[in-house]
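Okay, here's what each chain looks like letter by letter:
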Amino acid sequence: MHQSERVLVVGGTRGTGLLIANLLLESGYDVRVLARRPKTAGRLGSSADVVHGDVTRTETLSSPVKDIRHLIFTAGVAVGPALEKTIVATEYQGVLNTLTAARQAGFNGRFLYMTSIGVTRASLSAAILNLVKGNTLRWRRKVEDEIRTSGVNYTIIRAGFLLNSPGGKRAIEVSQQAHPLAPRYRIARADVAETFVQALEHPNTARTTFEVVWGRGPRREQWELLFGRLKPSA
């Protein structure tokens, strides 16, 4: 069904990005994954095309972004303390480098960006995270603005607190309400991965920014209904 649609996943060798890449493969997409060390990029489906690239080095990006239909960016600095210059290089400038390279290659598909709840709402958890991890939420908010004004067709998805739990069990809340970064707004990585793949297939998610967390009770609403309430970013 999607064999002619090549999707580049930046950040697809671990975490939520890995789940997205494998779900895309299961859905029939032609998947390319950017990796700084391709030989160590395990756990990907055998049909994935793993290519070398580093978002902090612009000279490595021109080849990976060629001939892609869509681009999903989930890369970020790994969990733990980080200097602000490291955050800026990866989570801000790295996104801009990827966008620039894609546009120079003639990219005209969808750019899906994974970020976090709490980028626009103050909370104790957000303050601690920014202190420990180089103002990551502030730089992610800045790069959101850059994406929205870049001219590309985008979808910005702010995920809640990420859990390594099974997906498909809990209700999903898709909202354009700004949640604070707090443990009560949580969600399984697997459910976020499903959200990305579903968003890629729904035109109503184009040029939108939304947040995804667990709702109450079991999974019940269809994606068409969840995405149908979204409004394009102003």
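So, how was this worked out
- Residues numbered from 1 in each chain as written.
- Predicted model: local features only at pLDDT ≥ 70, side-chain atom pairs only at ≥ 80, totals over all residues.
- Heavy atoms only, no water.
- Salt bridge = Lys/Arg side-chain N within 4 Å of Asp/Glu carboxyl O.
- Buried < 20%, exposed > 50% of the residue type's maximum accessible area, 1.4 Å probe, protein only.
- Helix = DSSP H or I, 4+ residues; strand = E, 2+ residues; numbered from the N terminus.
- Contact = heavy atoms within 4.5 Å.
- 1 Å grid on protein atoms, 1.4 Å probe; cavity = no way out; pocket = protein on both sides within 12 Å on 5 of 7 lines; lining within 4 Å.
- Points joined across faces, edges and corners; volume = space filled by probe spheres on them.
- Nonpolar A, V, L, I, M, F, W, Y, C, P; charged D, E, K, R; others polar.
- Core = buried A, V, L, I, M, F, W, Y, C linked by side-chain atoms within 4.5 Å.
- Pairing = 2+ DSSP bridges.
- Axes fitted to C-alpha atoms, helices over the stretch in contact; angles between N-to-C directions.
- Phe/Tyr/Trp six-rings, centres within 6.5 Å; stacked < 30°, edge-to-face > 60°.
- Lys NZ or Arg CZ within 6 Å of the ring centre and 35° of its normal.

Engineer: Explain the pattern of salt bridges to me, please; I cannot follow it from the model alone.
Structural biologist: Two side chains that carry opposite charge are able to pair once their charged atoms sit near each other. Applying the stated criterion to the full structure yields 11 salt bridges. Notably, a salt bridge pairs Glu59 with Arg57, separated by 3.1 Å at the nearest N-O pair. A relative accessible area of 53% places Glu59 in the exposed class. A salt bridge links Glu144 to Arg158, with the nearest nitrogen and oxygen atoms 2.7 Å apart. In this pair, Glu144 is assigned in helix H4 (residues 136–148) and Arg158 in strand S6 (residues 153–159), connecting sequence segments 14 residues apart. Overall, Glu144 belongs to the buried group, its relative accessible area being 0%.

Engineer: How should I be thinking about the environment of Val119 in this particular structure?
Structural biologist: Counting through the fold element by element, Val119 comes out in the loop between strand S5 (110–116) and helix H3 (124–132). Separated by 60 residues in sequence, Val119 and His179 have C-alpha atoms that sit 8.7 Å apart. Other than its neighbours up to four places away in sequence, Val119 contacts Leu137, Arg140, Arg141, Glu144 and Arg158.

Engineer: Mind showing me how you'd approach the layout of surface pockets here?
Structural biologist: If you roll a probe as big as a water molecule over the atoms, it shows you where there is empty space left. Computed from the structure, the largest pocket encloses a volume of approximately 810 Å³. Counting residues per element, the ones that place at least two in the lining of the largest pocket are helix H1 (15–26), S5, H3, H4 and strand S7 (161–163). Counted by class, the lining of the largest pocket contains 12 nonpolar, 12 polar and five charged residues. Here the second largest pocket is characterised by a volume of approximately 500 Å³. Looking at the second largest pocket, it is lined by 21 residues, and the ones nearest its centre are Thr13, Arg14, Arg36, Arg37 and Ala75. A class-by-class count of the residues in the lining of the second largest pocket yields eight nonpolar, eight polar and five charged.

Engineer: Explain the nonpolar core here, please?
Structural biologist: One broad trend across soluble globular proteins is that nonpolar side chains are buried collectively. Leu24, Val31, Ile172, Val174 and Phe196 are the most contacted members of the largest nonpolar core, which totals 36 residues. Among residues more than four places away in sequence, those in contact with Val31 are Val7, Val9, Ala21, Leu24, Leu25, Ser47, Ala48 and Asp49. Judged by nonpolar contacts, the second largest core, of 29 residues, contains Val77, Val95, Ala102 and Trp139.

Engineer: Would you take a moment to explain the environment of Val33 for this structure?
Structural biologist: Note that Val33 resides in strand S2 (residues 30–35). Discounting chain neighbours no more than four positions away, the residues touching Val33 are Leu8, Val9, Gly12, Thr13, Ala21, Leu44, Asp49, Val50 and Val51.

Engineer: Would you take a moment to explain the sheet that holds strand S8 (residues 170–175) for this structure?
Structural biologist: In a beta sheet, neighbouring strands are held together by backbone hydrogen bonds and run either parallel or antiparallel to one another. Strand order in the open sheet formed by eight strands is S3-S2-S1-S4-S5-S6-S10-S8, and the pairing between neighbours is mixed. Because the sheet does not close on itself, it has two edges, and the strands there are strand S3 (49–52) and S8. Averaged over all adjacent pairs, the angle separating strand axes in this sheet is 25°, with direction ignored. Bridge analysis of S8 against strand S10 (residues 208–218) gives five bridges, and the strand direction is antiparallel. Among the inter-strand pairings, Glu173 is bridged to a residue of S10, identified as Val213. With respect to the sheet, helix H2 (residues 84–104) is in contact with strand S1 (6–10), strand S4 (70–73) and S5, its orientation differing from that of S4 by roughly 170°.

Engineer: Got a minute to help me understand the packing of aromatic side chains in this structure?
Structural biologist: Given two aromatic rings, one states the distance between the centres and the angle between the planes to describe the pair. Within this structure, the stated rule accounts for four aromatic pairs. When the ring of Phe210 is compared with that of Phe227, the centres are 5.8 Å apart and the planes differ by 55°; the resulting orientation is tilted. Note that Phe210 is positioned in strand S10 and Phe227 in helix H6 (residues 223–228), a separation of 17 residues in sequence. Given a relative accessible area of 0%, Phe210 falls into the buried group. What links up through ring pairs into an aromatic cluster is the set Phe210, Trp223 and Phe227. Its guanidinium or amino end placed over the ring of Trp139, Lys142 lies 4.1 Å from that ring's centre, counting from NZ or CZ.

Engineer: Would you explain the pairing of S6 in this entry?
Structural biologist: Across a regular strand the side chains alternate sides, sitting on one face of the sheet and then on the other. A large share of S6 lies buried, amounting to six of its seven residues. Note that S5 and S6 share seven bridges and pair parallel. If you follow Phe111 over to S6, its bridge partner there is Tyr154. Pairing of S6 with S10 involves five bridges; the strand directions are parallel. Bridge pairing in S10 links Ile157 to Phe210.

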